[in-house]
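Examination of the molecular architecture
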Amino acid sequence: MLLVRAIQRSLLRPQVIETCSSFKTVSSITPRFSLPIRSRTIATTPHLRISSAPPKTSAPTSPPPKTPPTVPSDPALAAHEPLALLTALKVQPSKYIIVKIQGFSFLITPGDKVVLPFLLKDVRVGDTLRLTHATTIGSRDYTMNGNPYIDERLFECRATFLEETAEPLRKKEKKKRRTRRIKTVKSKHRYSVLRIKELIINDVPPAVAAAAGGST
Amino acid sequence: MASVAPKMSWFKITLIRSGIGMTERQNGVLKALGLRHRMKTVYHPVSPDTAGMIMKVKELLAVSEVDKPLTQAETHAKRQPPKGYYIEKQGVVRDIGGL
């Protein structure tokens, strides 16, 4: 029911796809879509908002599945366009993700070495981190935006904590005019270095699929 | 203190304009309210005394009524961005030592 209202709202307020016009070859099949707000209690029904072309008007011919669906052959999923596009994004050869760590955004791909401009004080060298707050996952042809974050269950992004390091010592001399006194300020900022190990897009969890299929 | 159930009984006061350049009296009021710097948020019970103090410096404040005051630690925690990660698996070395 929530989803039907959302669809009605999106139809009343036509959204402009500003950036998709740049993808001339795939402009007809590259809408941008939003996925559920990341919530702490996974039991709540996620609110899917379609921020692009209106969905197919024909109702799905098959009833919502009782068993966990197998993607992509599931008819309820195929009828729900954004979740079907998730499958298309999943099979793309190379993907990127924009994560937020302590409020800072980083655009990363698997294999990257990320030097964070701060130290993660609760992590030690060798720890495996799971990055949870993603604002965007994309590939050459598709982009998935979160609102404001992408549901944690839809992706897995792991990083290894490589080292705690620091910049070279830099000194700043401060001196006022007509005075001989020179004040020296030392700076040596500490940094953390991560290696992004993997970025996996999961199959749509049954709870999300059922909510989408049941609402339409 | 007699309390009625869903009654908003606290002022949430945030200093959004600095007290620099204000009169001694106004700065005295800010000090009495506990507003040391800009964007600091304090909670005071709703009373004529507090209301009078707010009226003295009302141009500098953003005020709203809430039913539950937050502690300084809770207010600070609300303003922090999410960490964005959690430790899934700990490495072997926990303490390098000597650093």
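Residues numbered from 1 in each chain as written. Chains lettered and ligands numbered in written order. Predicted model: local features only at pLDDT ≥ 70, side-chain atom pairs only at ≥ 80, totals over all residues. Heavy atoms only, no water.

**Observations regarding the confidence of the model for chain A**
Residue and element names in this part refer to chain A. In this model, chain A carries a mean pLDDT of 74, and residues with pLDDT of at least 70 account for 59%. Low pLDDT, under 50, characterises residues 12–32; the predicted model gives this stretch 19 contacts beyond four residues in sequence or across chains. In this model residues 34–72 is a low-confidence stretch, pLDDT under 50, and it forms 71 contacts with partners more than four residues away in sequence or in other chains. (pLDDT = per-residue confidence, 0-100. Contact = heavy atoms within 4.5 Å.)

**Digging into the side chain of A:Gln92**
Residue and element names in this part refer to chain A. Locating Gln-92 in the fold gives a position in the loop between helix 3 (81–90) and strand 2 (95–101). Classification of Gln-92 as buried rests on a relative accessible area of 14%. Of note is the side chain of Gln-92, whose polar atom sits 2.5 Å from the side chain of Ser-139. Only 3.3 Å separates the side chain of Gln-92 from the backbone nitrogen of Asp-141, close enough to count as a polar contact. (Helix = DSSP H or I, 4+ residues; strand = E, 2+ residues; numbered from the N terminus. Buried < 20%, exposed > 50% of the residue type's maximum accessible area, 1.4 Å probe, protein only. Polar contact = N/O pair within 3.5 Å; in protein donor to acceptor, adjacent residues only side chain to side chain.)

**What to know about the pattern of salt bridges**
For the structure on display, the rule yields eleven salt bridges over all chains. Across the pair B:Glu88 and A:Arg130 runs a salt bridge, and its minimum N-O distance is 3.2 Å. With one member in each of two chains, B:Glu88 in strand 4 (residues 85–89) and A:Arg130 in strand 5 (residues 128–131) form a pair that bridges those chains. The residue A:Arg190 makes a salt bridge to A:Glu164 at a minimum N-O spacing of 3.9 Å. Of this pair, A:Arg190 sits in strand 11 (residues 190–201) while A:Glu164 sits in strand 8 (residues 155–166), placing them 26 residues apart in sequence. Look at the salt bridges and you will find they share partners, linking A:Arg130, A:Glu156, A:Arg158, A:Glu198 and B:Glu88 into a network. (Salt bridge = Lys/Arg side-chain N within 4 Å of Asp/Glu carboxyl O.)

**A look at the packing of aromatic side chains**
Residue and element names in this part refer to chain A. For the structure shown, the criterion picks out one aromatic pair over all chains. Between the aromatic rings of Phe-104 and Phe-118, the centroid separation amounts to 5.2 Å while the plane-to-plane angle is 45°, which identifies the pairing as tilted. Separated by 14 residues along the polypeptide, Phe-104 in strand 3 (residues 104–108) and Phe-118 in the loop between strand 4 (113–116) and strand 5 bring together distant segments of the chain. Looking at Phe-118, the relative accessible area reads 12%, which means it is buried. (Phe/Tyr/Trp six-rings, centres within 6.5 Å; stacked < 30°, edge-to-face > 60°.)

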